[in-house]
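Structural overview for review
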Amino acid sequence: MELEKLTALQLADKIKKHEVSVLDGVKDVFSKIEEKDNRIHAYLDTYKKEAYARAKEVEKGIEDGTYTGPLAGVPIAIKDNICVQGKPTTCASKILEGFVPQYQADVISRLEKAGMIIIGKTNMDEFAMGSTTETSYYGPTKNPHNTAHVPGGSSGGSCAAVAACECYYALGSYLALGSDTGGSIRQPSSYCGVTGMKPTYGTVSRYGLVAYASSLDQIGPIGKDVADCAALLEVIAGHDPKDSTSIDRKDLDFSSEMTDKI
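Attention here is on the structure that accompanies the text. (Residues numbered from 1 in each chain as written. Predicted model: local features only at pLDDT ≥ 70, side-chain atom pairs only at ≥ 80, totals over all residues. Heavy atoms only, no water.)

**Some remarks on the nonpolar core**
- Judged by nonpolar contacts, the single largest core of 67 residues is most densely connected at Leu 111, Met 116 and Leu 177.
- When residues in this core are grouped by element, the largest group, seven residues, is from helix 2 (residues 22-40). (Core = buried A, V, L, I, M, F, W, Y, C linked by side-chain atoms within 4.5 Å. Buried < 20%, exposed > 50% of the residue type's maximum accessible area, 1.4 Å probe, protein only. Helix = DSSP H or I, 4+ residues; strand = E, 2+ residues; numbered from the N terminus.)

**Considerations on the side chain of Lys 87**
- Take Lys 87: it is sitting in the loop between strand 2 (75-79) and helix 4 (106-113).
- Engagement of the side chain of Lys 87 in a polar contact is seen with the side chain of Glu 50, the distance being 2.3 Å. (Polar contact = N/O pair within 3.5 Å; in protein donor to acceptor, adjacent residues only side chain to side chain.)

**Re the sheet that holds strand 2**
- Read from one edge of the open sheet, six strands run 1-3-2-4-6-5, paired in mixed fashion. Since the sheet does not close on itself, it has two edges, and those belong to strand 1 (43-46) and strand 5 (195-196), each with one partner.
- Bridge analysis of strand 2 against strand 3 (residues 117-122) gives five bridges, and the strand direction is parallel. Pairing of Pro 75 across the sheet is with Ile 117, part of strand 3.
- Sheet strands in contact with helix 2 are strand 1, strand 2 and strand 3, and its direction is about 20° off that of strand 3. (Pairing = 2+ DSSP bridges. Contact = heavy atoms within 4.5 Å. Axes fitted to C-alpha atoms, helices over the stretch in contact; angles between N-to-C directions.)

**Thoughts on helix 4**
- All of the buried residues in helix 4 are Asp 106, Val 107, Ile 108 and Leu 111.
- Contact partners of the buried residues in helix 4: helix 3 (48-64), strand 2, strand 3, strand 4 (175-180), strand 6 (218-223) and helix 7 (226-236).
- Note on helix 4: the residue one or two positions beyond its end, Gly 115, has a positive phi of about 80°.

**So, helix 3**
- The end-to-end C-alpha separation of helix 3 is 25 Å, in line with the 24 Å expected for 17 residues at 1.5 Å each.
- Among the residues of helix 3, those classed as buried are Ala 51, Arg 54, Ala 55, Val 58, Gly 61 and Ile 62. The buried residues of helix 3 all sit within an arc of 130° when viewed along its axis, so they share a single face. In helix 3, the exposed positions angled more than 90 degrees off the buried face are occupied by Lys 49, Lys 56, Lys 60, Glu 63 and Asp 64.
- Against helix 1 (8-16), helix 2, helix 4 and strand 3 lie the buried residues of helix 3.
- Backbone geometry just downstream of helix 3 places Gly 65 in the positive-phi region, at approximately 90°. (Expected span 1.5 Å × (residues − 1). Arc of directions from axis to C-beta.)

**Here we look at the environment of Gly 238**
- Inspection of the secondary structure assignment puts Gly 238 in the segment after helix 7.
- In this structure the C-alpha to C-alpha distance between Gly 238 and Asp 251, which are 13 residues apart in sequence, comes to 9.8 Å.
- Setting aside its immediate chain neighbours within four residues, Gly 238 contacts Arg 110, Thr 203, Ser 205, Ser 246 and Leu 252.

**What to know about the pairing of strand 2**
- The buried fraction of strand 2 is high, at five of five residues.
- Neither face of strand 2 is left uncovered, since the one carrying Pro 75, Ala 77 and Lys 79 and the one carrying Ile 76 and Ile 78 both have all their residues buried.
- Handedness of the strand 2-helix 4-strand 3 crossover: right-handed. (Right-handed = clockwise from strand over helix to strand, strands pointing away.)

The structure is reproduced here in structure tokens:
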């Protein structure tokens, strides 16, 4: 089975039906990263050992009913300006080299609660200031469809990681988180042929996001299609008392809005 051709929702459905295991999906992503990311440079750091252990934990949790959501068992990549507790956060800058946060972003806690598996941190324009992912201290990311081209930015690493399996250098990632201030999810999503969106301000907590322009920054989903983005947005959205700009909105069932009216 060519798992990389599945959307995130399709993978999760096959996991629930015992057609594939959580570990199968995680292994498939890492095999593509190890084979191809030396040419694309979408990732700054990967968590293979932790992801394998987490996959076994999530598999058990799906069986016993701990994880029942539509994305349980799905691997996800994280832009490196979003804090994961105990893991380096560099914002692709030498300035933050060695910084390991002792807290984590609200969105990371929500991903874990939903039974998702974090596979690593993705490259970006330094401190999210750019639109090509060429200003990273750790080197540029290439567009998987054509390595002579840029992937866009500043969430270029996240979008390149999710890019369509039809392209030769596809890395097989199912979902990713990026951040968008003035187009930093939307523009590289277009360049890489994926679906990404900037949510309404206050829908997703900014706690744990390294700020660029706090009055504009938003964490948002990146996926292979609109349905995957809607499902991921449902996971990460919600009121957070740690973010003073977070709004307590009730209309968080985005998937139900995907009708023929759209």
